[in-house]
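As a plain string of letters, each chain reads:
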Amino acid sequence: MFKRVLIANRGEIALRIIRALREMNIESVAVYSTADRDSFAVMTATKSICIGPARPSESYLNQDLLIDVALKTGCDAVHPGYGFLSENADFARKCEENGLVFIGPSWQIIRMMGDKQTARKLMTENGVPVVMGSEDIVRSDEEALKIAEEIGYPVMIKATAGGGGKGMRVAGSSDRLLIELGAARAEAAAAFGNGDVYIEKYIRSPRHIEIQILADNFGNIIHLGERNCSIQRNHQKLLEEAPSWGMTDELRAEMGAVAVRAAAAAGYNSVGTVEFIMDDTGHYYFMEMNTRIQVEHPVTELLTGIDLVREQINAAAGRSLDIRQEDVLFRGHVIECRINARGTGTVNCLHFPEGFGVRTESSLYEGCQITPYYDSMIAKIIVYDRSRIEAIRRMRRSLEELVIDGVPTNIGEMYMIMNHPAFVSGNYDTSFWDRYGKSIREGNADLF
């Protein structure tokens, strides 16, 4: 097992990893920018090192500096968390070349699955259903027009190296296709340094269902059920829940087996997520694989009782998976709400909800600063109960208790969603925010 691990991240995920390491009797080295010098993770880690200015390119994305710090502090592994360098194959390769274990899949797997078009081809070859679309990168406007004509409009343009909704455009006609194609390429090039795109059939208002995978270095792979991540704004998830409403045990087992097959095809050896979109007839299609721990991993942890961060560290340390598929049990219902800052400032007063079945993940404390340099998510509220309606009620109560004063947040919007008939019914899809977002924004103004 590892003696000391460098955490190449910040915020609540850094804190989550530090806690797991401490429980495993492993020392932690936290890195931080000047903007994060007073962060909770810095206070909690065994050792903390400042690595540069607030700008991520000069701190959390500085690969060579991170590796240098890991080596000089005697670390034998690096945990990337999520975001930043967590799915950067070059960083994972540099870790390996410097004798550091990258806590995640191999750099070859990250590279292969990070290129969405390569991943699509691999899935097709292994019998995993994918959305009809181009077989390779679209290299010209003429080729794009031909493909779109063959599969029919509307079509979705996607960056091969994309994520978080960047480099994604929908086109409903040939004229619109050429405009959106250029925009998608430009956005992808700016965000990922790679402007390559592909085209696939656009499925209107699908559900976004992801399957949690757990694998080791010995070919053992299991799934831990699904999460419904369909409520999104600009392709960014707002909340997640499990199990997914309307999902039968038979369909869950089928999708889980397909996800395991997808992971096996990639030679997967860590924690990861296979993401699908599902149409209104129940047909599902591979979308992508996230080769890292997910923001919403606590949903699955509460549903199954399995510590995913601990299992990820164990797998990276070369331990064999000691959980069999038949050992995985799903109990009750779990909902997670992402709490985002809507501006910057000082947290003057803070109170997190408590009580049975409530879990909070955050690095906030009274007096801490919310800066403009990083992702806007500042907390996650996760609740568990016996049934979905009871979990909804518990989340409502938790959001009523939640106080974050000094910084504007989306707490009111999340509370409105918990009370919205379309959410309460469970019969919602990715069009939820487009349909109801305006009324939710207008309706929450006086709540908090």
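Refer to the structure printed above.
Note that the structure is a prediction, hence the values are computed from the model and not measured. (Residues numbered from 1 in each chain as written. Predicted model: local features only at pLDDT ≥ 70, side-chain atom pairs only at ≥ 80, totals over all residues. Heavy atoms only, no water.)

Student: How should I be thinking about the overall build of the chain in this particular structure?
Tutor: Each helix and strand counted, the chain has 15 helices and 22 strands in total. Its C-alpha radius of gyration of 21 Å places the chain within 12% of the 22 Å reference for a compact globule of 448 residues. Here the C-alpha coordinates of the chain stretch approximately 60 × 55 × 45 Å along the principal axes. Out of the 448 residues belonging to the chain, those deemed buried represent 56%. Considering only contacts in the chain between residues 6 or more positions apart, those separated by 24 or more positions represent 66%. Surface summary for the chain: the accessible area is close to 18400 Å², and the carbon and sulfur share equals 47%. Placing the 49 positive and 61 negative side-chain charges of the chain at their respective mean positions leaves the two points 2 Å apart. (Helix = DSSP H or I, 4+ residues; strand = E, 2+ residues; numbered from the N terminus. Rg over C-alpha atoms; globule rule 2.2 N^0.38 Å. Buried < 20%, exposed > 50% of the residue type's maximum accessible area, 1.4 Å probe, protein only. Contact = heavy atoms within 4.5 Å. Areas by Shrake-Rupley, 256 points an atom, 1.4 Å probe, with all protein chains shown as cover. Lys, Arg positive; Asp, Glu negative; His and termini not counted. Charge placed at Lys NZ, Arg CZ, Asp CG, Glu CD.)

Student: What am I meant to see in helix 6 (residues 116–125) here?
Tutor: One turn of an α-helix holds 3.6 residues; hence residues three or four places apart share an orientation. Listing the buried residues of helix 6 in full gives Lys116, Gln117, Ala119, Arg120, Leu122 and Met123. Gly127, located one to two residues past helix 6, shows a positive phi value of around 75°.

Student: Just checking my understanding: could you explain the packing of aromatic side chains for this structure?
Tutor: Here the distance between the centres and the angle between the planes together describe a pair of aromatic rings. By the definition in use, this model includes eight aromatic pairs. In textbook terms, an aromatic cluster arises when at least three aromatic residues are bridged by ring pairs, as seen for Tyr60, Phe84, Tyr373 and Tyr374. Looking at Arg388, its charged tip hangs above the ring of Phe423, at a distance of 4.7 Å from the centre. (Phe/Tyr/Trp six-rings, centres within 6.5 Å; stacked < 30°, edge-to-face > 60°. Lys NZ or Arg CZ within 6 Å of the ring centre and 35° of its normal.)

Student: What is the right way to read the pairing of strand 13 (residues 239–242) from this model?
Tutor: Remember that side chains alternate between the two faces of the sheet whenever the strand is regular. Along strand 13, one buried face is formed by Leu239 and Glu241 and the opposite face, lined by Glu240 and Ala242, is buried too. With four bridges joining them, strand 13 and strand 16 (residues 333–340) adopt antiparallel strand pairing. The residue of strand 16 that forms the bridge with Leu239 is Cys337. (Pairing = 2+ DSSP bridges.)

Student: Explain the packing of helix 7 (residues 141–151) against helix 8 (residues 174–192) here, please?
Tutor: Two quantities define a packed helix pair, namely the angle between the helix axes and the distance between the axes. At a minimum axis distance of 10 Å, the contact between helix 7 and helix 8 shows a crossing angle of 125°. The orientation of helix 7 relative to helix 8 falls into the category oblique. Taken as a pair, helix 7 and helix 8 cross one another with a handedness that is right-handed. Contacts between helix 7 and helix 8 pair Asp141, Ala144, Leu145 and Ala148 from the former with Ser174, Leu177, Leu178, Leu181 and Arg185 from the latter. Residue composition of the contact of helix 7 with helix 8, by class: six nonpolar, one polar and two charged. (Axes fitted to C-alpha atoms, helices over the stretch in contact; angles between N-to-C directions. Parallel < 35°, antiparallel > 145°, perpendicular 65-115°, else oblique. Left-handed = near helix turned anticlockwise from the far one by under 90°. Nonpolar A, V, L, I, M, F, W, Y, C, P; charged D, E, K, R; others polar.)

Student: I'm lost on the environment of Pro298 in this one. Help?
Tutor: Summarising the element assignment, Pro298 is placed in helix 10 (residues 297–304). Through-space distance from the C-alpha of Pro298 to that of Lys380 is 9.2 Å; in sequence the pair is 82 residues apart. Among residues more than four places away in sequence, those in contact with Pro298 are Glu336, Arg359, Glu361, Lys380 and Ile382.

Student: Quick question: what am I supposed to make of unusual backbone geometry here?
Tutor: Trans peptide bonds make up the majority, and among non-glycine residues the majority have a negative phi. Omega for the peptide link from Tyr153 to Pro154 comes to 0°, which places this bond in the cis form. Relative to the assigned elements, Pro154 resides in the loop between helix 7 and strand 6 (155–163). Residue Pro243 is reached from Ala242 by a cis peptide bond, and omega for that bond is -5°. In this fold, Pro243 is placed in the loop between strand 13 and helix 9 (249–265). Residues other than glycine seldom take positive phi values, yet Phe84 does so here, at roughly 45°. A relative accessible area of 30% places Phe84 in the partly exposed class.

Student: Which parts of the structure should I look at to understand empty space enclosed by the protein?
Tutor: With a probe scaled to a water molecule rolled over the atoms, the places where space remains empty come into view. As enumerated under the stated definition, the model contains two cavities of 30 Å³ or more in all. In this structure, the largest cavity occupies an estimated 40 Å³ of space. When contributions to the lining of the largest cavity are tallied by element, the ones reaching two or more residues are helix 1 (11–23), strand 2 (27–33) and helix 2 (40–44). Its residues assigned to classes, the lining of the largest cavity comprises six nonpolar, three polar and two charged. As for the second largest cavity, its lining consists of His79, Pro80, Gly81, Ser86, Phe102, Ile103, Gly104, Pro105, Thr291, Arg292, Ile293 and Gln312. Looking at side-chain class alone, the lining of the second largest cavity contains five nonpolar, six polar and one charged residues. (1 Å grid on protein atoms, 1.4 Å probe; cavity = no way out; pocket = protein on both sides within 12 Å on 5 of 7 lines; lining within 4 Å. Points joined across faces, edges and corners; volume = space filled by probe spheres on them.)

Student: Please explain the pairing of strand 9 (residues 207–215) as it appears in this structure.
Tutor: Of all the nine residues making up strand 9, nine are buried; the element is thus mostly covered by neighbouring parts of the structure. Side chains Arg207, Ile209, Ile211, Ile213 and Ala215 of strand 9 all project onto a buried face; the interleaved residues His208, Glu210, Gln212 and Leu214 project onto the opposite face, where all are buried too. In terms of strand pairing, strand 9 meets strand 14 (residues 271–278) through eight bridges, oriented antiparallel. Its bridge partner lying in strand 14, Glu210 is registered against Glu275. The sheet contact formed by strand 9 and strand 10 (residues 221–228) spans six bridges and is antiparallel. Residue pairing in the sheet places Leu214 in a bridge with Ile222 of strand 10. The loop that links strand 9 with its antiparallel partner strand 10 comprises five residues; one of these, Gly219, has a positive phi angle of about 85°.

Student: What exactly am I supposed to notice about the packing of helix 13 (residues 411–419) against helix 15 (residues 432–443) here?
Tutor: Taken N-terminus to C-terminus, the directions of helix 13 and helix 15 make an angle of 120°; their axes are 9 Å apart at the nearest point. What the angle tells us is that helix 13 and helix 15 run oblique. Where helix 13 crosses over helix 15, the handedness of that crossing is right-handed. Across the interface between the two elements, Glu413, Met416 and Ile417 from helix 13 touch Phe432, Trp433, Ile440, Arg441 and Gly443 from helix 15. For the contact of helix 13 with helix 15, the per-class residue count stands at five nonpolar, one polar and two charged.

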